[in-house]
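Architecture at a glance
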Amino acid sequence: MGVLNGARNLKFLFILLTIKFIGADVTLYPHPSGIRSSDKFTVYVNHQQSFTYISTSDHRAQEVQHAHSHRSVSWTSFSITRGHAIVEVHTQTDFRQCIVRPKHYGYHCKRTGTKTAQFTIDSNRRMMSVEFDYDYGSTHKDITDKLLIFADPPETDVPKPNTLGVLFYSAGVTDLGGQKHLNASVQEVYLAPGAYVHGGFITTGHQSVKIHGRGVLSGEKYKFHDSRFNYALINMDKGSHHTVEGLVLVDPPYYFHRALSVHNTMRNMKTVGAWTYNSDGVSLGDNGLVEDSFIMANDDSIKVTYLRD
Ligand SMILES: *[C@@H]1O[C@H](CO)[C@@H](O)[C@H](O)[C@H]1NC(C)=O
């Protein structure tokens, strides 16, 4: 009897383990109401639709001569704790072949049906470009409609709303009306998953500041070189030991990120929609660290700078 029960339990345990192994802890992010979704790509992660953003270039092309018109970048983000995620992409145009870059991830993109591609992600901290043979680009021409997939690690250190010293942006659209000054009372700025913030941030005090989360910070509403922005969407020239982590930065009026002070970190950040000149990725001062980040830039990607007086 005892032996039989043991065998049954073992079998049960085996089934449980198998389910755990096949499954994955994938967290999809909320869709901010009022933000349009991509009309170029639809993305499903483990059969659930993952909200796909789009940034387009036409407003920049109308504004400045050097910007290309009719470009777009679509992207989606989600987090993976463990296991793997099956990503399915639906396109507007049929294709024969597709590629997931960087190729060294070893993710094999296959066509599984009309206008449908599939591949499997086995880890987080993965930032991918998915490319289709109708729009591969070349050294003479960029990809017209880009698609980026960001598999984040899960969030740690999520602050509670209304914490002293924390500016908290929850899911939904917020317009800062320019670059928000972070005075000495602010230690942390948090953009929750599904937060879509129009504007930027600049440190003005001596304290270190952490700007993080899984939200989006966009400069799309601001004109090229808008005087309300000091050099970058996020400027942390003042203070030191700053961190930016986990956000997507979009369509900046100037650089994406500049932190010429010392000991600054940029981690798991993504920059997209670099339609104009001067959209440098990041410029850091002495002892800066950039890791696990994806940079689309239309000038320098990573600018190593010495500390200015
Ligand atoms: C400092 O910034 C906080 C948050 O934006 C704001 O509420 C406060 O009024 C500011 N203080 C001063 C002295 O400007």
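Here the structure is a predicted model, which means the values were calculated and not measured. (Residues numbered from 1 in each chain as written. Predicted model: local features only at pLDDT ≥ 70, side-chain atom pairs only at ≥ 80, totals over all residues. Heavy atoms only, no water.)

1. Topic: unusual backbone geometry
It is generally the case that most residues other than glycine have a negative phi and that most peptide bonds are trans. Threshold: Numbered from the N terminus, helices here are DSSP runs of H or I no shorter than four residues, and strands are runs of E no shorter than two.
The step from Arg101 to Pro102 runs through a cis peptide bond, and the omega angle for that step is 0 degrees. The backbone of Asn46 sits at a positive phi, close to 45 degrees, despite the residue not being glycine. Considering the arrangement of structural elements, one finds Asn46 in the loop between β2 (41-45) and β3 (48-50). With phi around 55 degrees, His70 is a residue other than glycine that occupies positive phi space. Note that His70 resides in the loop between α2 (58-63) and β5 (72-80).

2. So, the sheet that holds strand β12 (residues 166-169)
Just so we agree on the cut-off: One bridge is not enough; two strands pair if DSSP finds at least two bridges between them. Here an axis means a line fitted to C-alpha atoms, over the contact stretch when the element is a helix, while the angle between two N-to-C directions is reported on a 0 to 180 degree scale.
If you trace the six strands from one edge of the open sheet to the other, you get β12-β14-β16-β19-β22-β25, paired in parallel fashion. In the strand order of this sheet, the two ends are held by β12 and β25 (289-291), each with one partner. Direction aside, neighbouring strands of the sheet carry axes that sit 10 degrees apart on average. Both strand β19 (residues 243-245) and strand β22 (residues 265-267) contribute to a ladder of three bridges, which runs parallel.

3. Some words on the domain arrangement of the protein chain
Quick note on the threshold: Domain extents, as shown, originate in an automatic or database domain assignment. Two residues form a contact once any of their heavy atoms are found within 4.5 Å. What counts as buried area is the accessible surface, traced by a 1.4 Å probe, that two parts surrender upon association, with contributions from both included. Salt bridge, as used here: a side-chain nitrogen of Lys or Arg that lies within 4 Å of a carboxyl oxygen of Asp or Glu. We call Asp, Glu, Lys and Arg charged. Ala, Val, Leu, Ile, Met, Phe, Trp, Tyr, Cys and Pro are nonpolar, and the rest, Gly among them, are polar.
Its domain assignment divides the protein chain into domain 1 (11-152) and domain 2 (166-304). A straight line from the C-alpha centre of domain 1 to that of domain 2 covers 24 Å. Counting from both sides, the interface comprises 26 residues of domain 1 and, opposite them, 29 residues of domain 2. Buried area between domain 1 and domain 2, both sides added, is near 2,300 Å², and the carbon and sulfur share of it is 70%. Among the residues domain 1 hides against domain 2, the three largest losses belong to Arg60, His66 and Met127. Together they make up 27% of the total. Viewed at the interface, domain 2 and domain 1 are joined by four salt bridges. A salt bridge links Asp152 to Arg214; the nearest nitrogen and oxygen atoms lie 3.5 Å apart. Every element with two or more residues in the side of domain 1 that touches domain 2 is listed here: β4 (53-56), α2, β5 and β11 (145-152). By residue class, the composition of the side of domain 1 that touches domain 2 is twelve nonpolar, eight polar and six charged.

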